[in-house]
Amino acid sequence: MKDFGLFDLSNPWILPHLIAYLLTNIWIILGISVLIISLSLYLTAISELDLSYVLPIHASSYVLNGVFAWLFLGESVSISRWLSTILIAFGVFFVGLSDSKTSQVKHPKTTKIGVQNFPAFLVPFSLATSQTWLAIFAISFSDSAGDVLLALGMKRIGKIGNLPLKSMVKLVIKIITNPFIIGGIFCQSLAFFCFIAVLSWADISFVRPATALTYVMSMLGAKFLLKETIQPSKLMGIVLIGLGVLSHR
């Protein structure tokens, strides 16, 4: 995306040009391929584990993204950005310090999801004045909605085990036709598209840690929609993540 240049919606030809670029750039293709593998592993994990337990596995990626951006992209990572990134990583780590590895709540297929079940996400006005922060909020909200929808779908499908080929094919068909899974993939695809667009004008060492807001929103979704138990360590982690994002520059 550094080679693509600035993503400017005022240019009517920018969208088809971006799509063509995404489909032909080797780095983008390799990145998407790795993300597909990651999604497959992620779906397997949330089929039997709490969403609020699985998500913290990604904690190390925030620090690693900063290191790789510095080493391979030549980005100048300030001390304050390193500190806020590490603070976010610690927050996600604390979220994972819980023995609630498996959900104790059954999710019957008849469960109804209404608008009244969704918590209101409050956005600090001072952060919403920047184009980059607006995009980051859109990424975080779409990504967290995708996390919750994928978890809802996989809880209903059940645990993925070692199955014969015929049963595995049926399972794959069941997964890709589940409305919650379809909705989750759509939300995360939207988040990915926004993420790609932001990378055309902002450093990944800034954008990636800032999207840790996803964890805060996903924890709320896990609490109110998935009915997961949020341990005190998770609440402490959410506070650290929030402080890390607010201090991120």
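If you're wondering where the values come from, they're calculated on a predicted model, not measured in any experiment. (Residues numbered from 1 in each chain as written. Predicted model: local features only at pLDDT ≥ 70, side-chain atom pairs only at ≥ 80, totals over all residues. Heavy atoms only, no water.)

1. Quick notes on helix 6 (residues 131-157)
Item 1. With 27 residues, helix 6 extends 39 Å between its outermost C-alpha atoms, agreeing within 8% with the 39 Å of an ideal straight helix rising 1.5 Å per residue.
Item 2. Taking burial as the measure, the 27 residues of helix 6 include 20 buried ones, the bulk of the element.
Item 3. Once helix 6 finishes, glycine 158 follows within two positions and takes phi at roughly 105 degrees, a positive value. (Helix = DSSP H or I, 4+ residues; strand = E, 2+ residues; numbered from the N terminus. Expected span 1.5 Å × (residues − 1). Buried < 20%, exposed > 50% of the residue type's maximum accessible area, 1.4 Å probe, protein only.)

2. Focus on unusual backbone geometry
Item 1. Positive phi, normally seen in glycine, also occurs at lysine 227, with a value near 60 degrees.
Item 2. Structurally, lysine 227 can be placed in the loop between helix 10 (213-224) and helix 11 (232-246).

3. Regarding the layout of surface pockets
Empty space among the atoms becomes apparent when a probe as large as a water molecule is rolled across them.
Item 1. In this structure, the largest pocket occupies an estimated 2,000 Å³ of space.
Item 2. Around the largest pocket, the lining comprises 44 residues; the ones closest to its centre are Gly31, Leu35, Phe192, Phe195 and Arg208.
Item 3. When contributions to the lining of the largest pocket are tallied by element, the ones reaching two or more residues are helix 1 (14-24), helix 2 (26-46), helix 4 (59-72), helix 6, helix 8 (179-198), helix 9 (204-210) and helix 10.
Item 4. In terms of residues, the lining of the largest pocket owes the most to one element, helix 2, which gives 11 residues.
Item 5. Broken down by class, the residue content of the lining of the largest pocket amounts to 29 nonpolar, 10 polar and five charged. (1 Å grid on protein atoms, 1.4 Å probe; cavity = no way out; pocket = protein on both sides within 12 Å on 5 of 7 lines; lining within 4 Å. Points joined across faces, edges and corners; volume = space filled by probe spheres on them. Nonpolar A, V, L, I, M, F, W, Y, C, P; charged D, E, K, R; others polar.)

4. Some thoughts on the confidence of the model for the chain
Item 1. Mean pLDDT over the chain stands at 80; residues scoring 70 or higher make up 84%.
Item 2. For the chain, helix 11 is the element with the lowest average pLDDT, namely 78, and helix 8 is the one with the highest, namely 93.
Item 3. In this model, residues 102-129 is a region of pLDDT below 50 whose contacts with residues beyond four sequence positions or in other chains number 33 contacts. (pLDDT = per-residue confidence, 0-100. Contact = heavy atoms within 4.5 Å.)

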